[in-house]
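Here's the letter readout for the chains.
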Amino acid sequence: MTGRDAGRVVDEVVETIAESAPEIRQGLVGRREDADAENPSGETQAEADVWADELLADRLSSIDGVCQYASEERLETIDCGDEGGLSVGVDPLDGSSNLKSNNTMGTVFGIYDDPLPAPGTSLVASGWVLYGPITTMALARDGVVEKYELTGDDRNLVDDDVSLPDDPLVYGFGGRVPHWSDEFEAYVREIESDPDHKLRYGGAMIGDVNQVLTYGGIFAYPALEGNPRGKLRLQFEGNPIAHLVETAGGSSTDGSQSILEVEPDELHDRVPLHVGNDELIERLEDALE
Ligand SMILES: O=P(O)(O)OC[C@H]1O[C@](O)(COP(=O)(O)O)[C@@H](O)[C@@H]1O
Ligand SMILES: [Mg+2]
Ligand SMILES: [Mg+2]
């Protein structure tokens, strides 16, 4: 696909997700219960997870130039166009366990120029929608991160060059403490004891990473005892988040290399995820070595 065609497909994918976001937000009402089903990662799906996946699958797979749709909520990719198009990987609702308590959630997407599973170096664009008090979108493409407010009818640009603040302020770490490695726990204690840092953790990756993007700092869902690849999925969560944070001037690591360098074996592979300011990610890699 030529650069111009790819640009047009990215525009259409981004516009489709932006237009769908208010509808997804509204559609959460009445879909907060568990569906009687599990996703390919073995997690119980909420009714909203299944519904948002179907809505996005229909709309994104019918875009001319999208050749694959894949999601955290379905086992196989949908092959929907000529080979050589772009592939879209989606976490339709990130943080859907927050439905119950009515806290923040998001929609995460990565647009790849290779068939999935693909490494993050194949991403041509990435982004997320955050269903906060207002609905916003962060978008990374062509080396720049932009932020928009989504009103329902419009996508209003509110920041045309988002970058991580130089001085890290917030931290948030997922997984249960007894399951962390000793090395990771020692690192966390150092971060916590710095008087310049403060805790921000809300149980939805996208909300927590958005805090890091806004204030600087670090978010991680690390390798755990019994789950050495952590919890989050490389194609649908790790790669897009790492691509966006790195484009905004930060770093990512799976513990020893950028998440974007991780070679996937399977569509639903997991990855230990750590993103944030360069200095904190470097210190973390040293601590885990
Ligand atoms: O409830 P836990 O185990 O702390 O996990 C929280 C993490 O799991 C997730 O909810 C996983 O994403 P999904 O909701 O898309 O499955 C992340 O958003 C979040 O960071
Ligand atoms: Mg998720
Ligand atoms: Mg999800």
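Predicted model, so just to flag it, every value in this text is computed and none were measured.

### Some words on the domain arrangement of the protein
In many reports, interface size means the accessible area that the parts give up when they come together.
Move 1: Here the protein is described as being made up of domain 1 (3-159) and domain 2 (170-288).
Move 2: The C-alpha centroid of domain 2 is placed 21 Å from the C-alpha centroid of domain 1.
Move 3: Between domain 1 and domain 2, the contact holds 44 residues from the first and 33 residues from the second.
Move 4: Together domain 1 and domain 2 conceal approximately 2800 Å² of surface at their shared face, both sides included; 63% is due to carbon and sulfur atoms.
Move 5: Contact with domain 2 buries area across many residues of domain 1, yet Asp-94, Pro-117 and Trp-128 alone supply 21% of it, more than any other trio.
Move 6: Where domain 1 touches domain 2, the interface holds three salt bridges.
Move 7: The closest approach of N and O atoms between Glu-43 and Arg-270, which form a salt bridge, is 3.9 Å.
Move 8: One can count 20 residue pairs in polar contact (both at pLDDT 80 or more) joining domain 1 with domain 2.

### Remarks on the coordination of the magnesium ion (ligand 3)
Move 1: Distances from the magnesium ion (ligand 3) to its protein donors, namely Glu-72 (OE), Asp-91 (OD) and Leu-93 (O), fall within the range 2.2 to 2.3 Å.
Move 2: All donor residues of the magnesium ion (ligand 3) come from one chain, and their arrangement in sequence is E-x18-D-x1-L.
Move 3: Between the magnesium ion (ligand 3) and the magnesium ion (ligand 2), a separation of 3.7 Å is found, and both are coordinated by Asp-91. Of this pair, Glu-72 sits in the loop between strand E3 (66-71) and strand E4 (78-79) while Leu-93 sits in strand E5 (residues 86-94), and the two are 21 residues apart along the sequence.

### What about the coordination of the magnesium ion (ligand 2)?
Move 1: Within the protein, the atoms that donate to the magnesium ion (ligand 2) are Asp-91 (OD), Asp-94 (OD) and Glu-237 (OE), at distances of 1.8 to 2.1 Å.
Move 2: Counting gaps between the donor residues of the magnesium ion (ligand 2) yields the pattern D-x2-D-x142-E.

### Focus on helix H1 (residues 3-27)
Move 1: With 25 residues, H1 should cover 36 Å at 1.5 Å per step; its first-to-last C-alpha distance of 35 Å lies within 8% of that length.
Move 2: Most pronounced at Ala-21, the bend in H1 amounts to some 35°, and the proline Pro-22 follows within four residues.

Conventions used here
Residues numbered from 1 in each chain as written. Chains lettered and ligands numbered in written order. Predicted model: local features only at pLDDT ≥ 70, side-chain atom pairs only at ≥ 80, totals over all residues. Heavy atoms only, no water. Domains from an automatic or database assignment. Contact = heavy atoms within 4.5 Å. Buried area = accessible area lost by both parts, 1.4 Å probe. Salt bridge = Lys/Arg side-chain N within 4 Å of Asp/Glu carboxyl O. Polar contact = N/O pair within 3.5 Å; in protein donor to acceptor, adjacent residues only side chain to side chain. Donors = N, O, S within 2.8 Å, 3.2 Å for Na, K, Ca; no water. Helix = DSSP H or I, 4+ residues; strand = E, 2+ residues; numbered from the N terminus. Expected span 1.5 Å × (residues − 1). Bend = angle between axes of the 7 residues up to and from the residue.

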